[in-house]
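For reference, the chains in residue letters:
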Amino acid sequence: MSLMSFPYLLVVIQDGKPVSLSPLESQPHSPRYTASSQRDRESLEVRMREVEEENRALRKQLSLAQSRGPSHHRGNHSKTYSMEEGTGDSESLRAGIVAGNSSECGQQPAVEKCETIHVAIVCAGYNASRDVVTLVKSVLFHRRNPLHFHLIADAIAKQILATLFQTWMVPAVRIDFYDADELKSEVSWIPNKHYSGIYGLMKLVLTKTLPSNLERVIVLDTDITFATDIAELWAVFHKFKGQQVLGLVENQSDWYLGNLWKNHRPWPALGRGYNTGVILLLLDKLRKMKWEQMWRLTAERELMSMLSTSLADQDIFNAVIKQNPFLVYQLPCFWNVQLSDHTRSEQCYRDVSDLKVIHWNSPKKLRVKNKHVEFFRNLYLTFLEYDGNLLRRELFGCPSEADINSENLQKQLSELDEDDLCYEFRRERFTVHRTHLYFLHYEYEPASDNTDVTLVAQLSMDRLQMLEAICKHWEGPISLALYLSDAEAQQFLRYAQGSEVLMSRHNVGYHIVYKEGQFYPVNLLRNVAMKHISTPYMFLSDIDFLPMYGLYEYLRKSVIQLDLANTKKALIVPAFETLRYRLSFPKSKAELLSMLDMGTLFTFRYHVWTKGHAPTNFAKWRTATTPYRVEWEADFEPYVVVRKDCPEYDRRFVGFGWNKVAHIMELDAQEYEFTVLPNAYMIHMPHAPSFDITKFRSNKQYRICLKTLKEEFQQDMSRHYGFAALKYLTAENNS
C-alpha cells in the first residue's frame, strides 16, 4: 500500500521488492545515453499517470471507509489526519545516522488532513520564474494538503507568476506576494559575491516580511524538485525540541571546511555547515529570540574580516549557527540532496528510493557529476514537461476557499446547453488557459517620442521557423502569444536558446498560452499578445507574414504624419502572398510591383478569398503616393496599425473563420477610419494547411456553428452599437 499511496517515481516493483530503475547507471556520455534517456522519461511519465490514478482510487476508498466506520481520532473526533508512510519509523531509522537527531521509536508524525502547508520562495526575474513553475509542479503532483505559497518577488516575477497562478486555477492553493524591491534596504548593506545578487539575502528577513501570525514555514530555493509529498517535510516540525527553530540539511560539499583550493577562506560554520536550499523556520520562536538582531550583529561582526559573503544568506545563517548550535534541528540529508560541485550527495542515500528533495544547486545545473544524475535529470525533465492542467485536481474532503472568478466561470458554464450541437464552441469562450507571460528575458524601453509600434502575432509549434525571419525583417518590439503544451514550451525554449538571432533580441515578448481543449483559441492568443505591449501603437499581424524591410521606421513616421495619437484611425498595411517557398524578397515597392506583374506575387488570398482584402483597392495602391481612405465592406480583414487602446478580439471565434473579420467590423462600428499606407507591404509565406482550416473544410457541423456564432455576433453588435450596426446585417445579406 505504501508505494501506491506514496507517489514515488523512483522505484519499480520486481518480485515484490523495490529496485532501482535501469537507467541509473547510464552516464550522460555513454553510448546508451541518447537512445535510453527518451525511453526513461517516457516510462517515468507513464508511471506518474498510473500513480495519480492509483492515488485517486485509494483516497476514494479510504474516505469511504472513514465515512462508514467509527472515528478513532483523538479529542473531539472532528479532526482527520494524513498519516504519511515513510515519515515514521523508516524515516527515523534513516535519521538516526545523523548526529544529534535521535528519533522517537514507534511514533509517526501526523499532519492534519486539511492543514494548510506554508511555503516561502524568493523569486526575481524571468529565469527564476520559470524555475518556480517546475518546483511548484513537483510539489502539486505529490501533495494531499492545501498549500499557501508566499512569494517574495520583484516586479517582473510578480507579473509573471500572478498571471500564471490566476489562470492555473489550482484548487486549495493560495498565493500571496511580498515586494522584494521594498526589502532591498534591509540587506543592501551586506556586500555579496553570490550570483543570486541581493535577492539571495532575503531569506534573512522572512520573520519581518511574512505575516506576524504565521508560525511556521518551509523555505525553498527555486532550483528544487520534490520526489515526495511536502506534508512529510511539514511533519518534521513536530520533532523540533527546546530552542530548535531552524531545520536544515548539512552541506554536502567541502566548502565550509576550507580545503577546496589554496587560501580558500569560508565564513565560520559548524563542521561542514548547513545548506539553505531547504529550511524549516519556526517563525514565532525566531521572533521571540529577536532573530533580526541576532543575524545582523553576527553579519556586522564577520564582515569586518570577511568583507563580503560568498554564498549570500547561507554564510550568515551558518555564522549564527556556529555561535548558537542549539538553534538547529538537523534534517536527514535526503531532504536536500545537493547536486553541486565537489558534492558528497551520493553518501546521503543507499538507494534513489530514499530521496525526498533534489537540489540542483550547481551553476552547471543538469551537467553535474553524480552516478545517478541521469535518473535525477529524467525526474526533473518529467516535471518540467508535465501537463500542468492535470494538477488542477480537487483535494478530496478539503473545501477550497471561495474564488469569485472560479464561481463566475462555473455559473457561465452552467448556463450553457450541453445538448447544443455548438456547445464545444460556446464553451471555449469561457475556457481559462494557463498563461506564462515573458517566458524569456524581455528588456525594452519604448522610444521617448511616443511613436513606437509593436508587432503583434500568435503562433503554434508548427510556425516556429518563422520567428528568425520576422526578427530579421522587423527590428522593433514584438509581442508573441505561443499556443503550446508544457513539453512544446521546453522545445521552444531550447530552440530559442540555440538561435543567435533570437538570443540577440531582448525586445521580443514571448507569452506561452498552454494548450487545453480541441480548438485553437486564435483570438484569445491575439488578446494576450496585445495586452502585454509597452508601446503606444501596435501592428496587428500574423506569424506567416514577413513585413517589408524598414516597415518599423515607416510606420513610426506614418503615426506622426496621420496624427494617430488624436484620431481613431486604422492604418492598413497591404498584404500580398507568394506560392514559392524560396523568394527573393522585394526591397522596394517598385520591385514588388514588378513581381506582381510577373506572377511571382499575388494580392493576398487572390485565388481563394478576394473579398477579405479587396476593399484595400490594390489598383489604386499601385500608383498611390499618399495615404488614402477606404470604406468598410463585408468580410474585410486587413492587417492594421492601431492605438493600443483598440477593442479586443471576440473570443467566441476559434480556429479558422471570422476571427479577424469580426474585429475589423467592431473597429468600423467604433468609427475608426481605414487608411491605406501607400509605401507599406507585407508578404504571406506558403505553409502546409493548418489543422483548423482542414477541419473547417471537412466538417459540415463546424461550418454550421461558425455561421451561428457569426449571426449571434452581429446581433450583439446591433444591440451594442444601435441603428448604425444594422448595415452589417444588410451587407452580409447582399454579399
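Residues numbered from 1 in each chain as written. Predicted model: local features only at pLDDT ≥ 70, side-chain atom pairs only at ≥ 80, totals over all residues. Heavy atoms only, no water.

By the naming in an unreviewed UniProt entry, the chain goes by LARGE xylosyl- and glucuronyltransferase 1 and is assigned to Anas platyrhynchos platyrhynchos. Under Subcellular location (unreviewed entry), UniProt gives the following word-for-word description of the chain: "Golgi apparatus membrane". You can read under Pathway (unreviewed entry) in the UniProt record for the chain the words "Protein modification; protein glycosylation." (UniProt positions renumbered as here; feature names shortened; annotations may be inferred.)

Some thoughts on the pattern of salt bridges
Pairing between side chains of opposite charge can happen when their charged atoms approach one another. This structure, assessed with the given rule, holds 32 salt bridges. Among the ionic pairs, Glu712 bridges to Arg426, the shortest N-O distance being 2.7 Å. With Glu712 in helix α24 (residues 700–721) and Arg426 in helix α14 (residues 423–428), the pair connects residues that are 286 residues apart, well separated along the chain. Residue classification places Glu712 among the partly exposed residues on the basis of a relative accessible area of 23%. Salt bridges sharing partners connect three or more residues here, namely Lys137, Asp387, Arg434 and Asp486. (Salt bridge = Lys/Arg side-chain N within 4 Å of Asp/Glu carboxyl O. Helix = DSSP H or I, 4+ residues; strand = E, 2+ residues; numbered from the N terminus. Buried < 20%, exposed > 50% of the residue type's maximum accessible area, 1.4 Å probe, protein only.)

A closer look at the state of the cysteines
On inspection of all chains with the given rule, the structure shows 2 disulfides. Cys114 shares a disulfide with Cys398; S-S distance 2.2 Å. Of note, the bridge from Cys114 to Cys398 carries an S-S torsion of about -95° and is left-handed in sense. One end of the pair, Cys114, is in the loop between β4 (111–112) and β5 (117–123); the other, Cys398, is in the loop between α12 (373–384) and α13 (404–414), and 284 residues separate them in sequence. For Cys398, a relative accessible area of 4% corresponds to the buried category. Across a sulfur-sulfur distance of 2.1 Å, Cys422 and Cys705 are joined as a disulfide pair. (Disulfide = S-S within 2.5 Å.)

Some remarks on the sheet that holds strand β13 (residues 337–338)
To summarise the sheet geometry, strands pair through backbone hydrogen bonds and adopt either a parallel or an antiparallel arrangement. Spatial strand order, β9-β14-β13: 3 strands in an open sheet with mixed pairing. The sheet is open, and its two borders are formed by β9 (224–226) and β13, each paired with just one other strand. Sheet topology places β9 next to strand β14 (residues 357–359); 3 bridges connect them, and they run antiparallel. Each residue of the ladder has a partner; that of Ile224, found in β14, is His359. (Pairing = 2+ DSSP bridges.)

Description of helix α20 (residues 589–598)
Among the residues making up α20, those that are buried are Lys589, Leu592, Leu593, Met595 and Leu596. With its buried residues spanning 160° around the axis, α20 presents them on a single face. The exposed set on the far side of α20, more than 90 degrees from its buried face, consists of Ala590, Asp597 and Met598. Of the surrounding secondary structure, the elements contacted by the buried residues of α20 are β22 (575–577), β23 (602–603), α21 (618–623) and β27 (682–684). Looking at the residues trailing α20, positive phi occurs at Gly599, about 85°. (Arc of directions from axis to C-beta. Contact = heavy atoms within 4.5 Å.)

Digging into the pairing of strand β17 (residues 478–484)
Residues in a regular strand point their side chains to alternate faces of the sheet. With 7 of 7 residues buried, β17 lies mostly within the body of the structure. Side-chain alternation along β17 places Ile478, Leu480, Leu482 and Leu484 on one buried face and Ser479, Ala481 and Tyr483 on a second face that is also buried. After leaving strand β16 (residues 453–460), the chain enters helix α15 (residues 466–473) and then returns to the sheet as β17, a path that is right-handed. Alignment of β17 against strand β18 (residues 508–514), held across 7 bridges, turns out to be parallel. Directly across from Leu482, in β18, lies its bridge partner Ile512. (Right-handed = clockwise from strand over helix to strand, strands pointing away.)

With respect to the side chain of His148
With respect to the helices and strands, the residue His148 is situated in strand β6 (residues 147–153). For His148, a relative accessible area of 6% gives the class buried. Those residues within four positions of His148 in sequence are excluded, and the remaining contacts are Thr116, Ile117, His118, Val119, Arg174 and Asp176.

Here's the deal with the packing of helix α4 (residues 125–142) against α12
Where α4 meets α12, the axes come as close as 9 Å, and the angle between the chain directions of the two elements is 95°. With respect to their mutual orientation, α4 and α12 come out roughly perpendicular. When α4 is examined against α12, the residues Asp131, Thr134, Lys137, Ser138, Phe141 and His142 are found in contact with a partner set consisting of Tyr380, Phe383 and Leu384. Counted by class, the contact of α4 with α12 contains 4 nonpolar, 3 polar and 2 charged residues. (Axes fitted to C-alpha atoms, helices over the stretch in contact; angles between N-to-C directions. Parallel < 35°, antiparallel > 145°, perpendicular 65-115°, else oblique. Nonpolar A, V, L, I, M, F, W, Y, C, P; charged D, E, K, R; others polar.)

Thoughts on the packing of helix α10 (residues 291–306) against helix α11 (residues 313–323)
Taken N-terminus to C-terminus, the directions of α10 and α11 make an angle of 100°; their axes are 9 Å apart at the nearest point. Comparing the axis directions of α10 and α11 gives the class roughly perpendicular. Residues Trp291, Met294, Trp295, Thr298, Ala299, Arg301 and Glu302 of α10 touch α11, and the partners they reach there are Ile316, Phe317, Ala319, Val320 and Gln323. Broken down by class, the residue content of the contact of α10 with α11 amounts to 8 nonpolar, 2 polar and 2 charged.

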